[in-house]
Structure formats: structure tokens, C-alpha cells
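# Examination of the molecular architecture
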Amino acid sequence: VVTRDDVEESLKATWQYVRDEEQLLQGMSQIEETDQRTSEKQSERDYWLEYINVGSKIEAEEIMNLEKDIEEVKDDLRRNTEHYSNTLQAVEEEHTRLIEEHMKLSKEQTPENAVRYLDRNTCKEVQENEWLKEEVKIYQKEVSDLKASIQLLEEENIGLVAKLIDARLQNLIV
């Protein structure tokens, strides 16, 4: 039996997970934009490198600056990728943990909820069943004690019969 609170809690957790996923997707689009900027800067760099080869020294400094920009953009891309990967992993772990906690809680509450909704006759049957289980344990202990006593008596009887047979054999021999 699942309560309304359990359903609401599950829906909240699912909604939070979807919202986190949307934020991660936005982050991924930023990574794609950064990647696009990187390729634009790379094409600019290629153009200016060709221009340097032609012989322009003034633009050589601009090319160096653009190369620095490209490296910075690559670093930003790497850091953003690591950040969003770590964030995604943390969100997935949290989501998994929440699901496991919810399942554990549901498993713990299920017997309690089931007992709460039982009618009086069923409750009485459950109590009688528990009482009968206790009685069965008592009788099983008594049975095992009686079996042990019987075995001892049988061993004693066998010993007495063996002595009796030996005595009769002795009488026959005499």
C-alpha cells in the first residue's frame, strides 16, 4: 500500500531529477557553443598563420593573442566538461540513493500498513497463529525430550535383555 505522501515524495524527487537534467542539458549546450567558438578561433588562427608566413610582423602579435584565446577557450571547455560530468554523476548518484531510500521505507511500512487495514477476525487469526506457533515449539521440544528418553530406555532394555540372554546361556551351559 503506497500512501499519498509516498507518491508526492516520489513525484518531487522525479521532478527535481528532471530539473537537474535540464540544467545539465543547458550546460552541454554551453559546451557546444564553446566548441563552436573554438573552431571559429581555430579557423582565424589558421588564417593569421598563413598571413604570418607571408611576412606580417604586426599581425603576428594578434595571432599570438588569438592562440592564447584559443587555449583559454579550450581550457574553459575542458573545465566545463569536467564540471558538468561531475555534476551529472552526482545527480545520478543522489537520484539512485533517493530511490533506494524510498524503496527501503516502502518495504518497512508495508507490513505496518497491511496490519492496520486488517479486520478483527483476521487479526484474531494472526494472533492465534502466533500462539499456535509457540505451542508447536513447546510440543516439538517435549517430543525431542521424549525421543531422547525413549532411546535411553531402549538402550537400557537392550542391555538388560543381553544380560538376561547371557544368564540363560550360562544356565543352559551349567
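Predicted model, so just to flag it, every value in this text is computed and none were measured.

## Re the overall build of the protein
On a plain count of helices and strands, the protein comes out with three helices and zero strands. Moving toward the C terminus, one meets the helices and strands of the protein in the order α-α-α. Each principal axis of the C-alpha atoms in the protein carries an extent, and together these give about 140 × 60 × 15 Å. For the protein, buried positions account for 13% of its 174 residues. In the protein, of all internal contacts separated by at least 6 residues, the share reaching a separation of at least 24 is 73%. Counting every atom, the protein has about 14,700 Å² of accessible surface; 55% of that belongs to carbon and sulfur. Averaging the positions of the 23 positive and the 43 negative side-chain charges in the protein gives two centres separated by 7 Å.

## Some words on a nonpolar patch on the surface
The grouping of Val161, Ile165, Leu169, Leu172 and Ile173 at the surface amounts to a nonpolar patch, some 530 Å² of accessible area in total. Note that Ile165 resides in helix 3 (residues 120–173).

## Examining the pattern of salt bridges
Inspection of the entire model under this criterion finds nine salt bridges. Note that Glu82 is salt-bridged to Arg78, the shortest N-O span being 3.4 Å. Of the two residues, Glu82 and Arg78 are both situated in helix 2 (residues 58–116); the distance of four residues between them amounts to about one turn of the helix. Taking relative accessible area as the criterion, Glu82 reaches 42% and is therefore assigned partly exposed.

## Brief notes about the confidence of the model for the protein
Looking at the protein, the pLDDT average stands at 88 and 94% of residues meet or exceed 70. Averaged pLDDT values over the elements of the protein bottom out at 87 in helix 2 and peak at 91 in helix 3.

## Side note on the environment of Ile150
As for its position among the elements, Ile150 is in helix 3. Along the backbone, Ile150 and Ala13 are 137 residues apart, and their C-alpha atoms lie at a distance of 65 Å.

## Describing the side chain of Thr38
Of note, Thr38 is situated in helix 1 (residues 4–54). Beyond its immediate sequence surroundings of up to four residues, Thr38 is in contact with Val73 and Lys74.

Rules behind the numbers
Residues numbered from 1 in each chain as written. Predicted model: local features only at pLDDT ≥ 70, side-chain atom pairs only at ≥ 80, totals over all residues. Heavy atoms only, no water. Helix = DSSP H or I, 4+ residues; strand = E, 2+ residues; numbered from the N terminus. Buried < 20%, exposed > 50% of the residue type's maximum accessible area, 1.4 Å probe, protein only. Contact = heavy atoms within 4.5 Å. Areas by Shrake-Rupley, 256 points an atom, 1.4 Å probe, with all protein chains shown as cover. Lys, Arg positive; Asp, Glu negative; His and termini not counted. Charge placed at Lys NZ, Arg CZ, Asp CG, Glu CD. Patch = residues over 30% accessible without salt bridge, like charges linked within 9 Å, V, L, I, M, F, W, Y side chains within 5 Å. Salt bridge = Lys/Arg side-chain N within 4 Å of Asp/Glu carboxyl O. pLDDT = per-residue confidence, 0-100.

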